[in-house]
Amino acid sequence: MKYLKTIGFNSNQPVGRGFNYPYDIDFCSDGRIFMINRMGGMNKAGVRIQIFTFEEEWLEEFGSEEFTIPVCLSFDEDDNVYITDEFLNEVKIFDPSGKFLRKWGNEGPEDARIQGPAGIIHHPDGFVYLVEQFANRISKFTKDGERIKSWGSEGSGAGQFKLPWGITVDSSGNFYVSDWRNDRIQKFDPDGEFLENFGESGNGEGQFHRPSSVAVDSKGFMHVADWGNERVQVLDPDGAFYQMLEGEATLSMWAEEWLKVNLDEFDLRRDSSLLIEDLPDHLKTAYHKASQSEPVFWGPVSVKIDLEDRLYVTEHSRHRIQVFEQSN
Amino acid sequence: MKFSGRQLAAHLARRAGFGATPDELDRYVEISYEDLVEQFLDTSGASYTPDDLIFRRHVDIHTMQGHVAAYWAYRMISTDKPFHEKIALFWHQIFATGENKLNNLGSLNNQVDMFRRHGLGRYDDLLVELSKDPAMIIWLDNHDNHNGSINENYGREILELFSMGVGNYTEEDIKECSRAFTGWNVKNGEYLSKMAFKDSIWPYGRIQWHHEYREDDHDDGEKQFLGESGRFNGEEVVEIICRQDATANFIARHIYNFFVADEVPVPQWGETPPQDPEAVAFLANAYKLYDHDIKSVMRVLFNSDFFKAAVFQRVKSPVELIIGTLRATGEYRVPVGGDVGLFGAMEEGKFMGQTLLDPPSVEGWHTGKEWINSGALVERVNFASSRVGDVSKPGVKSLISRIVKILGKDFSCTELIDASIEVLGTAQIDMSTRETLIKEMEDEGSFNLDDQIGTENRIANLLTFLVSTPEFQLA
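This structure is a prediction, so every number in the text was calculated from the model and none was measured.

Rules of the game
- Residues numbered from 1 in each chain as written.
- Chains lettered and ligands numbered in written order.
- Predicted model: local features only at pLDDT ≥ 70, side-chain atom pairs only at ≥ 80, totals over all residues.
- Helix = DSSP H or I, 4+ residues; strand = E, 2+ residues; numbered from the N terminus.
- Rg over C-alpha atoms; globule rule 2.2 N^0.38 Å.
- Buried ≥ 20, exposed ≤ 12 C-beta atoms within 10 Å, placed from the backbone.
- Contact = placed C-beta atoms within 7 Å.
- Nonpolar A, V, L, I, M, F, W, Y, C, P; charged D, E, K, R; others polar.
- Core = buried A, V, L, I, M, F, W, Y, C linked by C-beta atoms within 7 Å.
- Domains from an automatic or database assignment.
- Pairing = 2+ DSSP bridges.
- Axes fitted to C-alpha atoms, helices over the stretch in contact; angles between N-to-C directions.
- Expected span 1.5 Å × (residues − 1).
- Arc of directions from axis to C-beta.

Participant: Teacher, can you tell me more about the overall build of chain A here?
Facilitator: Regarding its fold elements, chain A presents three helices and 26 strands. In terms of overall size, chain A behaves like a compact globule, its C-alpha atoms giving a radius of gyration of 19 Å where 328 residues would be expected to give roughly 20 Å. By its C-alpha atoms, chain A is 60 × 45 × 40 Å across when sized along the principal axes. The proportion of buried residues among the 328 residues of chain A is 46%. Within chain A, counting contacts between residues at least 6 apart in sequence, those at least 24 apart form 44% of the total.

This is the structure we're talking about:
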């Protein structure tokens, strides 16, 4: 992959353009990008969905007051967007204009309710697949929330999970799950049968620390948000390490516009070196490097591939999206 | 007064930590007091709520852009090495650095981590690390301290507030000290300090800081400092400071004030002698005897007779009260997304007079009896009583079951109150308060132990009374 551009900038306002803890994105068929704006702490007012384009045109927003802890989102073939909320234990569904349609998950007998919904994906089979992180399982639902089947349990064996997070599907209908606290990606066939694992704990090539999200491009390459290592890894279709992405953000259009009217910071910034190559020994960790160095990933929480096979890396702690394109 | 082994263990746990549950005390009394001191002093390999869970559930804590007091609180309430956090809290009180000027809580959190790494080592090393600490550099303007154009702020405070105290140095010493710290800056300090002072989050959020030594901005000339001369840099100045008797006395009094018994506020130390000059001299001598090693000073302190006799001689700081209560009630051990209760608990400290990571000034907080005024007392009582009165909290359930176990089937209201006092680990309460509580319990009638919910609620109600007594405010 090759770096292409950066989208977004930080704004902690409850309305309008700018991101505050962006958490996941997905693509409407008309090219619009929908993004979960998570906000932080007690600031619930700005938890919402923002809509913009690859060209950085900010369009609109919706969903304020609808969410507490939204986690992931996914469009169905009708361009309705499904959004999970781990606190409310709900999936909320909106039409392409942001109009609320329905919700499900937190009704009925207690043992039928969903438990900590995180990753969500629409499969070509027409069903919705949901990561229930607190139940350590993957569940198949109809679009109206009827549970069809589930697989997985707590543990570190094949097909078991520890607080799983993201989920995606490849062109053959196989599932890939970010098994967050087992530091691996698990692959399942379209029926939920375990196929194989990728990765192990660590910070070397092909090793992960708390992977949060996985996306598969048209050629079968896996792109893993190696969240705890503050990086993205690309694995080839066989699961072998292929490429390490550390982030190389530049100024987005919105960022440039802001700096043009804040020239005191613009001037000082121009004279600074914000890509930190060396740190004191006690700060030589992935977290500290990311927190002290602006261009690299900090909190790469979500990876998504668009129809043009471009990779979008959403960074919750730098409040932006870095976009990469195929290099060949 | 002679204290039992269990009372002494509880005393040590309050001072070197945030108190102990009955189960913890059971373990503590299995070993000698001296071994228990060593156990507290060993801060290696601490276990606490892991960062990955906190960051996943509270994304703004990942950036350290907000609620970092709650982040520290997760550590304080869950750690199995509470002295590690207590010593960090001690240094935070002395080297008081605040978010209100920095607007960079991540760097302030890194300062707290520095206190964990160096807080029990040689004082010389701690002061050098403090002088390199980027939060301290920005807080006291050392990024504006240049060769040929000194800013005296840090040079003054390292002498006045961090080592020797007023009256033990000259204005000329301040200037020479400041010259020694020229060039001690922060990477990209010009831009990042501008962001801090404008409270700017643009374009991509806050950037945390690290130290940069700028040799070309350092005044390498001859200096006269505290009667010595040389081309001193910061390290040499710190070495001179740390071998002064005034520094030994100053640090000893701080240790006494925080760990033994309340002193008058620091600004009055110049004219008010220590309440126990022998104890302070004993600690100052230990500082010199053990080559400025803080852990060694703490060891002789915790084993000293004056420490063992100082049971309930301090007013709990708001942070000690909050954390001690939450450790007792067993709350917030596992972070839950959307549950910001711990954020709110730490913010209640503000109404009690102490906002962690946001001291009122570089002097820190005024402690002891100054923690208590009518408004703060109401907040303290309300906080503690609302927590221990909630039988749904795991720690409260545990306290109640321990009380029931002590009492057995047949007990008097007096025995119930005594058992509750023991389990809470609080002081012997005032006799008139005790009589009032006994009458209150007797007026409510006898207990029906078959009614588990009713029994739990009555005992929980008694616990709320006990944490509302003046004695519960003491450590």
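There is more to say after this.
Participant: I keep staring at the interface of chain A and chain B and nothing clicks. Help me out?
Facilitator: Opposite the 39 residues of chain A that make contact, chain B presents 30 residues. Among the elements that take part in the side of chain A that touches chain B, helix 2 (residues 263–270) of chain A stands out by supplying four residues, more than any other. Classifying every residue of the side of chain A that touches chain B by side-chain character gives 15 nonpolar, 15 polar and nine charged.

Participant: What is the right way to look at the nonpolar core in this model?
Facilitator: The nonpolar side chains of a soluble globular protein tend to be buried, and buried together. Residues Val68, Ala73, Ala252, Ile255, Leu283 and Leu463 of chain B are the most contacted members of the largest nonpolar core, which totals 197 residues. No other element matches the nine residues that helix 6 (residues 68–78) of chain B contributes to this core. Here this core spans two domains, and each of domain 1 (5–308) and domain 2 (394–473) of chain B adds at least three residues to it. Residues in contact with Leu463 of chain B, not counting those within four places in the same chain, are Val388, Gly389, Leu399, Ser420 and Leu424 of chain B. Of all hydrophobic cores here, the second largest spans five residues; its members include Phe9, Trp254, Ala255 and Trp258 of chain A.

Participant: How should I be thinking about the sheet that holds strand 21 (residues 222–226) of chain A in this particular structure?
Facilitator: Working definition: the strands of a sheet are paired by backbone hydrogen bonds and lie parallel or antiparallel to each other. Residues and elements named next belong to chain A. One open sheet accounts for four strands, arranged 20-21-22-23; its pairing is antiparallel. Edge positions in the sheet fall to strand 20 (213–216) and strand 23 (241–245), since each of these pairs with one other strand and no more. When strand polarity is set aside, the average angle formed by the axes of neighbouring strands in this sheet is 20°. With five bridges joining them, strand 21 and strand 22 (residues 231–235) adopt antiparallel strand pairing. Residue pairing across strands places His223 opposite Val234, the latter belonging to strand 22.

Participant: Looking at this structure, how should I read unusual backbone geometry?
Facilitator: A negative phi holds for most residues other than glycine; trans holds for most peptide bonds. In this chain, Trp202 of chain B is followed by Pro203 of chain B through a cis amide linkage whose omega measures 0°. If you check the backbone angles, Asn89 of chain A has positive phi at about 55° while not being a glycine. With respect to the helices, strands and loops of the structure, Asn89 of chain A is situated in the loop between strand 7 (81–85) and strand 8 (90–94). Although it is not a glycine, Leu357 of chain B adopts a positive phi angle of roughly 70°. By secondary structure assignment, the location of Leu357 of chain B is in the loop between helix 21 (341–352) and helix 22 (374–388).

Participant: Looking at this model, I keep getting lost on helix 21 of chain B. Mind explaining?
Facilitator: Given 3.6 residues per turn, any residue in an α-helix points the same way as the ones three and four places further on. Residues and elements named next belong to chain B. Taking 1.5 Å of rise per residue, 12 residues should cover 16 Å, and helix 21 covers 17 Å from first to last C-alpha, within 8% of that figure. Every buried residue of helix 21 is listed here: Leu342, Ala345, Met346, Gly349 and Met352. Looking straight down helix 21, one finds its buried side chains confined to an arc of 90°; they lie on one side. Opposite the packed face of helix 21, turned more than 90 degrees from it, sit the exposed residues Gly341 and Gly344. Contacts made by the buried residues of helix 21 are with helix 6, helix 20 (318–329) and helix 22. One or two positions beyond helix 21, positive phi appears at Gly353, with a value near 105°.

Without other data, these values stay purely geometric and don't point to any function.
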